[in-house]
Amino acid sequence: MNYYSTNRQAPEASLEEAVVKGLASDKGLFMPRTIRPLPQSFFDTIESLSFQEIAYRVADAFFGEDVPADTLKQIVYDTLSFDVPLVKVTDSIYSLELFHGPTLAFKDVGGRFMARLLGYFIRKEGKRQVNVLVATSGDTGSAVANGFLGVEGIHVYVLYPKGKVSEIQEKQFTTLGQNITALEVDGTFDDCQALVKAAFMDKELNDHMQLTSANSINVARFLPQAFYYFYAYAQWKRMCGADGGGVAPVVCVPSGNFGNITAGLFGKRMGLPVGRFIAANNRNDIFYQYLQTGQYAPRASVATIANAMDVGAPSNFARVLDLYGESHQAICADISGATYSNEQIADTMRQVWQQHRYLLDPHGACGCRALMEGLHPGETGIFLETAHPAKFKDTVEQIIGQPVAIPEKLQAFLRGEKQSVPMTRDFADFKSYLLHE
Ligand SMILES: *Cc1c(COP(=O)(O)O)cnc(C)c1O
């Protein structure tokens, strides 16, 4: 299947080109030429299928033309080596726990899938080394670094804002060594993202080395995120009865760069029953403002306790616009928004812990609150719990006033030694570093 650019100035690309390049040459984001609906029979029996079986059906619709069936199945099954359980929080609200992977955040799914798909293309073509550049506000870096760790023919550079990620997050991508290099940028996440974008546009750099992105702009990271929306529906059907009461669930996604929710919107296009979506923002509420006004006004990000959502210019907004033919009205028909301050996030975490004994992380808390406030009578809602609360241990402990146990997977990272390369936010410095590596 071919991929076109949201800017429509670049030629269409094959899957392999889209994955290797990341961004189209006209700076647009790649979109699959067709979004294939899955048959009704699939949805009728989905609750009898495993996560891996469901994910393979979805993967086949996107990648089946370009990757042999046995290879694709292997990639999907290897990627999903952990469960994504749906857990009941209140009578009408369910949490889709996306934090059971190696780095305890949802980005493990896209990171692991992309590493395996890119690895397949490199082996197939006998390509020279591919260099993955990834800007992170916290969780992307760890998911991508761990997804790619030890994959032959790939070197990963993680750019992260100095002093703006938690120690636990930092340790997950600065302690790995091997083919992973962490660059500690004196700036914000948006500066890191700007450096990565500038690198892709720099001719000299691209002649010198093969560069690709592993941010959620890459289709190989972005599309696999659709898998768990289907699996959430399967579990919801199991828990709520065969027809789920007849009303499709509302799905609420804590959003920053809008890759995760956009994958869900693709799922809906493929026939997945979703009543509507809610995009939950922290104070970086550019999308929320867009829904209210029809104006997209990116601005500098501000730091919040849900720091993986501190994004001032959500890159996947271009995909949302494209998917809905640029129609504000059509977007508003499918997606509503919510925006919360740090105090509201903290209140929600306390309330849900005290009343329901469910421990939220600050990102999931935005999602949970948007459902608590936004569900209509008779509706049920699913929010995506995008990271394990222990990843934000200090914040969470301060809010609920109780110690939070750190899972062994995280403790292992904390024992490692941080290694990073200091970097300014000046592109000339970054370029010179890469040219001389
Ligand atoms: C990345 C991240 C988000 C935001 O996801 P987007 O796809 O960028 O919208 C939300 N929560 C957590 C924990 C994250 O790591």
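Up top is the structure.
Please read all numbers here as calculations on a predicted model, not as lab measurements.

Novice: Is there a simple way to explain the site of the ligand in this structure?
Specialist: Lining the immediate surroundings of the ligand are 15 residues, of which Lys107, Asp139, Gly256, Asn257 and Thr386 lie closest. At 2.4 Å from an oxygen atom of the ligand is found a side-chain nitrogen or oxygen belonging to Lys107. Between an oxygen atom of the ligand and a main-chain N or O atom of Gly259, the distance comes to 3.2 Å. In the complex, 97% of the free accessible area of the ligand, which totals 380 Å², lies under the protein chains. Residues that form the shell around the ligand fall into these classes: 6 nonpolar, 7 polar and 2 charged.

Novice: Can you help me understand the pairing of strand β9 (residues 250–254) in this one?
Specialist: Side chains on a regular strand alternate between the two faces of the sheet. Among the 5 residues that make up β9, 5 are buried, leaving the element largely enclosed by the rest of the structure. Neither face of β9 is left uncovered, since the one carrying Val250, Cys252 and Pro254 and the one carrying Val251 and Val253 both have all their residues buried. As defined by bridge partners, β9 adjoins strand β12 (residues 381–385) across 3 bridges and the pair is classed as parallel. Considered in β12, the bridge of Val250 is made with Gly381. Crossover connection from β9 via helix α12 (residues 259–269) to parallel strand β10 (residues 277–281): handedness right-handed.

Novice: Looking at this model, I keep getting lost on the pairing of strand β5 (residues 130–135). Mind explaining?
Specialist: With 6 of 6 residues buried, β5 lies mostly within the body of the structure. By the alternation rule, side chains of β5 split into Val130, Val132 and Val134 and Asn131, Leu133 and Ala135, which are all buried. Across 6 bridges, the pairing between β5 and strand β6 (residues 154–161) is parallel. Each bridged residue has a counterpart across the sheet, and for Val132 the counterpart in β6 is Val156.

Novice: I would appreciate a short explanation of the side chain of Ser142 in the present structure.
Specialist: With respect to the helices and strands, the residue Ser142 is situated in helix α6 (residues 139–148). Setting aside residues up to four positions removed in sequence, Ser142 forms contacts with Thr103, Gln169, Gln172, Phe173 and Lys391.

Novice: Before we go on, may I ask you to explain the sheet that holds β12 in this structure?
Specialist: Sheet strands line up and pair through hydrogen bonds in the backbone, either parallel or antiparallel. Taken together, the 6 strands give an open sheet; going across it, the order is β3-β4-β12-β9-β10-β11, and neighbouring strands pair in mixed fashion. Unpaired on one side and paired on the other, β3 (86–88) and β11 (335–339) mark the two borders of the sheet. Put simply, the sheet's adjacent strands are angled 25° from each other on average, direction ignored. Relative to the sheet, α12 contacts β9, β10, β11 and β12, its axis offset from that of β10 by approximately 175°. Contacts from helix α13 (residues 286–293) reach β10 and β11, with the element oriented near 125° to β11.

Rules used in this analysis
- Residues numbered from 1 in each chain as written.
- Predicted model: local features only at pLDDT ≥ 70, side-chain atom pairs only at ≥ 80, totals over all residues.
- Heavy atoms only, no water.
- Near = heavy atom within 4 Å.
- Polar contact = N/O pair within 3.5 Å; in protein donor to acceptor, adjacent residues only side chain to side chain.
- Areas by Shrake-Rupley, 256 points an atom, 1.4 Å probe, with all protein chains shown as cover.
- Nonpolar A, V, L, I, M, F, W, Y, C, P; charged D, E, K, R; others polar.
- Buried < 20%, exposed > 50% of the residue type's maximum accessible area, 1.4 Å probe, protein only.
- Helix = DSSP H or I, 4+ residues; strand = E, 2+ residues; numbered from the N terminus.
- Pairing = 2+ DSSP bridges.
- Right-handed = clockwise from strand over helix to strand, strands pointing away.
- Contact = heavy atoms within 4.5 Å.
- Axes fitted to C-alpha atoms, helices over the stretch in contact; angles between N-to-C directions.

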